[in-house]
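What follows is the residue order along each chain.
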Amino acid sequence: MIELLAPAGDLEKLKIAILYGANAVFIGGVKFSLRSRASNFTLKDIEEGCRFAHQHNAKVHVTCNIVMHEIDIEGIIEYLKTLEEAGVDAIIASSPSILKLVIKHTKMEAHVSTQASVTNQEAIAFYKELGVHRVVLGRELTLRELEILCDKKTIALEVFIHGGMCTSYSGRCMLSNIMTNRDANRGGCAHSCRWNYDLYYKNNKLNPEKDYFAMSSKDLCAIRVIPKLVSLGIDSFKIEGRMKSLHYIATIVKTYRMLLDDLEQNSLKDFSYYEEKIARAENRPTSTGFLLGMPTIQEQLYDLDQTIPSKDFVGIVLNYDFKTKKATVEQRNHFVPYSSLEVFGPNHNEIINITEIYNEKNESLDAARHARQIIIFYTDFPLEKNDLLRLN
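The notes below deal with the structure included here. (Residues numbered from 1 in each chain as written. Predicted model: local features only at pLDDT ≥ 70, side-chain atom pairs only at ≥ 80, totals over all residues. Heavy atoms only, no water.)

### Side note on the environment of Ile223
Considering the arrangement of structural elements, one finds Ile223 in the loop between β11 (219–221) and α8 (226–232). As for Ile223 and Thr324, which are separated by 101 residues in sequence, their C-alpha atoms are 41 Å apart. When sequence neighbours within four positions are dropped, the list of residues in contact with Ile223 reads Thr255, Tyr256, Leu259, Phe271, Tyr274, Glu275 and Ile278. (Helix = DSSP H or I, 4+ residues; strand = E, 2+ residues; numbered from the N terminus. Contact = heavy atoms within 4.5 Å.)

### Structural notes on the environment of Leu11
Structurally, Leu11 is set in helix α1 (residues 11–19). Once the C-alpha coordinates of Leu11 and Glu48 are considered, the two residues, 37 residues apart in sequence, prove to be 8.1 Å apart. Ignoring anything within four residues of it in the chain, the contact list for Leu11 reads Phe41, Asp45, Glu48 and Gly49.

### A closer look at the packing of helix α2 (residues 43–55) against helix α3 (residues 76–86)
Axis separation between α2 and α3 bottoms out at 9 Å; the angle between their running directions is 35°. Where α2 abuts α3, its residues Leu43, Ile46, Glu47 and Cys50 lie against Thr82, Leu83 and Ala86. (Axes fitted to C-alpha atoms, helices over the stretch in contact; angles between N-to-C directions.)

### Details of empty space enclosed by the protein
Per the counting criterion, the structure on display carries 2 cavities of 30 Å³ or more. What the largest cavity holds in volume is close to 110 Å³. If you trace the largest cavity, you find it lined by Leu137, Gly138, Arg139, Leu141, Leu146, Val159, Phe160, Met165, Leu220, Thr288, Phe290 and Leu291. (1 Å grid on protein atoms, 1.4 Å probe; cavity = no way out; pocket = protein on both sides within 12 Å on 5 of 7 lines; lining within 4 Å. Points joined across faces, edges and corners; volume = space filled by probe spheres on them.)

### Notes on the packing of aromatic side chains
This structure, assessed with the given rule, holds 6 aromatic pairs. Ring geometry for Tyr20 against Phe344: centres 5.7 Å apart, planes inclined by 35°, an arrangement best described as tilted. Highlighted residues: Tyr20 in the loop between α1 and β2 (24–28) and Phe344 in strand β17 (residues 340–344), separated in sequence by 324 residues. Judged by relative accessible area, Tyr20 falls into the buried class, the value being 2%. The ring of Phe26 has Lys238 lying over it, and the distance from NZ or CZ to the ring centre is 4.5 Å. When the ring centre of Tyr248 is taken as origin, the NZ or CZ atom of Lys244, which lies over that ring, is 4.7 Å away. (Phe/Tyr/Trp six-rings, centres within 6.5 Å; stacked < 30°, edge-to-face > 60°. Buried < 20%, exposed > 50% of the residue type's maximum accessible area, 1.4 Å probe, protein only. Lys NZ or Arg CZ within 6 Å of the ring centre and 35° of its normal.)

### Side note on the nonpolar core
Leu137, Ile161, Leu229, Phe237 and Tyr256 are the most contacted members of the largest nonpolar core, which has 88 residues in total. When residues of this core are assigned to their parent elements, the largest contribution, 10 residues, is made by helix α9 (residues 246–264). Once residues lying within four places of it in the same chain are set aside, the contact partners of Phe237 are Ile2, Glu3, Leu4, Leu5, Val159, Ile161, Ile226, Leu229, Val230 and Leu260. (Core = buried A, V, L, I, M, F, W, Y, C linked by side-chain atoms within 4.5 Å.)

Spelled out as structure tokens, the structure:
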């Protein structure tokens, strides 16, 4: 079975990712991770996350994918052993030194990070000889190149299918280092490629009417090439986005889970159906990246006005009482009484029309406007814990 591997920036997102269809999640610990600004997991969180994942037949991968400098080595073996004791299934690393330590000192799987830019068979053979269990391929490969690598596959291969794309090779960027003195390859990326810039040619500003220029790539979306990737024999499909929202994680994971299940059951719908589902999440414009060939100007995001912020996600269900038909919801965005809401959950999609809404004191409200406020309303539709609510 193909693994659907989802990002999780914190414990809540880990649980949601698994409930909405992920076979595995990847997280960052408090050390040696490239997303030091994400809501990285404490050891206690990792232990709880591993227990939850294993109860749901899912796995937990931890990223240790910084580019190791000499001063970063201290404590790495002890840290790896601690992760193993916590129940972690695999370590993702780009440094051969970390990979060797995982193999030598633990029983966890060692996965080569995309930061290693593995794009050819010789590199795969090198890491296999080192003893790793899986290679996460570079995001700069076309379908034809993937086909060649899979035809000679001797080790598990993982590819990215959705999420942010760096402007540099496999994310090995130096813009952040130069502009902010924050090392992108050691956990400090400032996302400099997504800043607003003035663009000049021979002292003449080329974009005076917009006041800025951006240079980031459109996000990757492999919806239309998933059948081909499945036929190649890829072992794991990876979604990027440990710093993304809960709503984003649930939406993207469930959509790809649905697509993979439909494909397996020979009931594939038109690709636009899945793309419309994806579009409900917060998202930038998307493209197929390198998969269909060298990216053109159409795969670049020069105008940040093209971003598509969404406030449709309004709450997450905490409880539903079948006798009283009372739903208890934690508010995540503003909504009002008598709204039409889409119930978006692991097991169903449904439109409900609510009437009055109340707070925990049973006081009628004219709006749910306070962050994470507990809201109560009544509905005949049997909601489930962890269902998400969106404006219809």
